[in-house]
Amino acid sequence: MNRPLANSMSGGDPVRSVGLARGDVALEVRHLKTHFALRTGVLKAVDDVSFTLRRGDTLCVVGESGSGKSVTARSILQIVAAPGKIVGGEILLHGVGGDPDRVVDLATLDPRGKEIRAIRGREIAMIFQEPMSSLSPVHTIGRQIDESLRIHTDLDKRARRKRIIELLKRVEIPDAEHTIDRYPFEYSGGMRQRAMIAMALACNPVVLIADEPTTALDVTTQAEILDLIGELQDEFGMAVMFITHDMGVVAEIADRVCVMNLGEMVEAGPVEDVFHAPQHPYSRMLIGSAVKLEKPAPAKIAARARHADGPDDRAQILTVEGLGKEFTSHKGFFRSKSRTIKAVDNASLSLREGETLGIVGESGSGKTTLGRCLLRMIEPSSGTVSYRAGDGADIDITALDKRGLRRLYRDIRMIFQDPFGSLNPRMTVADLIGEPLKMMGWKQRRIRDRAADLLERVGLSADHLERYPHAFSGGQRQRICIARALAPEPRLIIADEATSALDVSIRAQVLDLLLDLQSQMSLSFIFVSHDISVVRYFCDRVAVMHRGRIVETGVATQVCDHPEHPYTKALLSAVPRPDPRDRRIHQRHRYVAEDHPTASTMEGP
Amino acid sequence: MLARYILKRLLYMVPTLIAISVVAFAIVQLPPGDFLDTYIATLEAEGGDIGSEEVEALRRRYALDQPILVQYWNWISGIVFRGDFGWSFQYQRPVADILWGRVGLTFVISLASMILVYVVAFPIGVYSAIRKYSLGDYVFTFFGFLGLAIPNFMLALVLMYVALTVFGQSVGGLFSPEYADAPWSWGKLVDLLAHLWIPVIIIGTASTAGLIRVMRANLLDELNKPYVETARAKGVGERTLLLRYPVRLALNPFISQVGWELPALVSGAAITSIVLNLPTTGPVLLIALRSQDMYLAGSFIMILSVLTVIGTLLSDLLLVWLDPRIRYG
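On a predicted model such as this, the values are computed, not experimentally measured, just so you know.

Engineer: Teacher, can you tell me more about a positive patch on the surface here?
Structural biologist: Residues Lys402, Arg403, Arg406, Arg407 and Arg410 of chain A make up a contiguous surface patch of positive charge. Among the structural elements, Lys402 of chain A can be located in helix H14 (residues 402–411).

Engineer: Can you walk me through the domain arrangement of chain B in this structure?
Structural biologist: How big an interface is tends to be reported as the loss of accessible area on association of its parts. Residue and element names in this part refer to chain B. Entries for chain B in the domain assignment read domain 1 (2–83) and domain 2 (95–328). Distance between the C-alpha centres of domain 1 and domain 2: 31 Å. Listed as interface residues are 25 residues of domain 1 and, on the opposing side, 19 residues of domain 2. When domain 1 packs against domain 2, the two sides together hide about 2,000 Å² of surface, and 76% of this comes from carbon and sulfur. Considering only the side of domain 1, the residues that lose the most area to domain 2 are Arg9, Val28 and Trp75, jointly responsible for 26% of the buried surface there. Scanning the region where domain 1 abuts domain 2 turns up 1 salt bridge. Across the pair Asp316 and Arg9 runs a salt bridge whose closest N-O atoms are separated by 2.2 Å. There are 2 residue pairs in polar contact (both at pLDDT 80 or more) connecting domain 1 and domain 2. Broken down by secondary-structure element, the contributors of at least two residues to the side of domain 1 that touches domain 2 are helix H1 (2–29), helix H2 (35–45) and helix H4 (68–82). Per-element tally for the side of domain 1 that touches domain 2: the top contributor is H1, with 15 residues. Tallied by class, residues from the side of domain 1 that touches domain 2 come to 17 nonpolar, 6 polar and 2 charged.

Engineer: I would appreciate a short explanation of the sheet that holds strand S18 (residues 524–529) of chain A in the present structure.
Structural biologist: Whenever strands of a sheet pair, they do so through backbone hydrogen bonds, lying parallel or antiparallel. Residues and elements named next belong to chain A. Strand order in the open sheet made by the 6 strands is S16-S17-S18-S13-S19-S20, with mixed pairing throughout. Edge positions in the sheet fall to strand S16 (412–415) and strand S20 (549–555), since each of these pairs with one other strand and no more. For this sheet the average axis-to-axis angle between neighbouring strands, irrespective of direction, equals 15°. Summarising the sheet, S16 and strand S17 (residues 492–496) pair through 4 bridges and their orientation is parallel. In the sheet register, Ile412 faces S17, and the bridge partner there is Leu492. Most of the contacts of H14 go to S16, to which it runs at about 70°, and overall it touches S16 and S17. Relative to S18, helix H18 (residues 504–521) is tilted by about 160°, and along the sheet it contacts strand S13 (356–360) and S18.

Reading guide: rules and limits
- Residues numbered from 1 in each chain as written.
- Chains lettered and ligands numbered in written order.
- Predicted model: local features only at pLDDT ≥ 70, side-chain atom pairs only at ≥ 80, totals over all residues.
- Heavy atoms only, no water.
- Patch = residues over 30% accessible without salt bridge, like charges linked within 9 Å, V, L, I, M, F, W, Y side chains within 5 Å.
- Areas by Shrake-Rupley, 256 points an atom, 1.4 Å probe, with all protein chains shown as cover.
- Salt bridge = Lys/Arg side-chain N within 4 Å of Asp/Glu carboxyl O.
- Lys, Arg positive; Asp, Glu negative; His and termini not counted.
- Charge placed at Lys NZ, Arg CZ, Asp CG, Glu CD.
- Helix = DSSP H or I, 4+ residues; strand = E, 2+ residues; numbered from the N terminus.
- Domains from an automatic or database assignment.
- Contact = heavy atoms within 4.5 Å.
- Buried area = accessible area lost by both parts, 1.4 Å probe.
- Polar contact = N/O pair within 3.5 Å; in protein donor to acceptor, adjacent residues only side chain to side chain.
- Nonpolar A, V, L, I, M, F, W, Y, C, P; charged D, E, K, R; others polar.
- Pairing = 2+ DSSP bridges.
- Axes fitted to C-alpha atoms, helices over the stretch in contact; angles between N-to-C directions.

In structure tokens:
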């Protein structure tokens, strides 16, 4: 696995040798300013940012959305989207063209010129967040890697292909001789990101810029990719600039950290210092929010202490038995072949009144399908879901007709992941929140009063009633979604990744809001999430899903701290913790399922 | 893989064509009465008269007294097994004689228009997208909408006037009088080309305007995709980048348009053809429908539909060639 590709290539490296030694300065950014001239004024996306990258070192640039971290990275390569422009500062790249003494100021180069193009992909390579959309869907992986070699080296076709296969093998893509001619859509998410890394390494760059390269991946895949980048860095000795919003990832891989907020660099230093003695209030807040989610919410601990003595006598509000959902896809001549995927396989759950149940799992585990089957937004194929109404009547949700379902939707509401997509942009906040009430036949006046009341409950002002969703930030929109869910006074809320699209500081606030509301309104929650820390913070009990099955259920603290099922162990050990003294994903458990893989995405030919 | 796909698509065409033939025949049968009723009405309107025995004899001769299903079977089996499209009552000639010359010329005009449309729309669309809101974009957009808004017959009249007064050309038709009934020769071809530009421009304008907008919108969507940034970060030059990535992907809807652009051109040309007096299918189809010349009308509709189906097949095959996701989907 660890064949030293860099060495085998750098002896008689067919591509190029790097003039700098380990520890030498590779890139210096001095007082960089990148501004966007907008109609409404100048947006200072990057405002006076300075840092130094050394060979073999990893610099993590961390910040929330809108902090300017991505624009900083793009400024270095001069690929900032219009109307963004570098208006000041220097970007000094050392050792250009293998000559250790040659320094070029990238900020002075023409963004469309030849000089900067010779730097891109050769001296400085970049990998991006979305491994699916960052690769062209209509060109083979091999061809896309080849492009870089064709531009920057004199190798002939055969030599290039040989190198691409070596690169693909190095990033552990199986059967590289054949997968080289495959298209990105035939790769899984993790494989695509590996191919992307292979592409970045093709010309043995001095600096590797990684812009949130693991954000779109599952935690176990993320751990693999982080490991791979670390290994390759050891081997090739490049300087890595790693952009992320995840403090856990920072703690795991950084040598130095640079914290950005609203275009400014608020703090920079060695990772230990930044994590254990943060100076700036913003870094303190960021790290505080991340550490806060490392343990259960104080309210939960208190509640648990109350229920600790004596058996839990709260009534069961929802009971799920043997729930299953199969999807059948047809293929072949006249749809003759069909294949069935068990998205949810014999799932059983129970939820008590006032309790919060977390459902965790990676993408494709069936957690979202399960959540939607509970309300029959997707029709389950088998099993029963029974709900105990407020008057004590038991309702079999799986047997309800349309009218019954509509009545049920007052008691059980959903909150979705995307606060942008789940609010109709042409409706005012008052209309949005009032919609479920309108369905129930409320009068306009009463709806308004209720909406105003709800808005204040979720921490917004009643003045916001007449505004449209676009006037709000992501966190505020999610609050509006919550207010809408609360409108008909539900008893149970199913939240599907409700905090996943939010920045970490906002995430903690929204979770605290939900906890508040829970204690005020005696709500029960089913909380579907891929994020273990959110589940640990927010949930009383957890069900872990893997490939459609629930592999482990138990009390949240128990499952999150002392998991029993090997899959849960693997999942938890892959989650990076926001503590640079506790780097551990390298020693993580790996879980190989006994059964044959599900047919969701091809992992090889 | 590809051969299988083509075979599959060809097999799917069979039921489609059968359905089309039924519908085509049904459409022609829709108006009350048949050709003879119309014929009699026309005769009577002109003061003539026709005996009822004579009518019965004609009816028998043209098999119009048979049940509809039998008539349909006679018609379709003739086409399929003997290439015989039936008899035109109006022209008193086999349908095939009228059909082929006109279908051929229609096809020539449509193809030429289509090539013009794509050759003009593609570069302008790309230009409008990468220089969004520039002066050039506005100018092209203006003329594009102008082309879209002006009715074809109006443009036809204007161009005919211009051709006559400025170039002193004989207008109307596809040939000068001296070549109209002459056998094919080099001179006739040159004459055709000299006449072709007017209908080609007229028929092409509206589609060109539409396609420019399609290309512009597609490309604008693609230009901001992350893979463009990836390629730029690799050091790809701007021009290569543009053509290799976003334009390539923006072509998909552009190509699938071929499928319905072809029949639109073929049928949309009818009014222009009437104004310009072109020997194409449009005017004849109109006359045939009005006089209930059923075999002629049915066969025309049939042929146009077959063209549509073939056009769709062609565009699908192009797409498969262009986009691997469809190939393996």
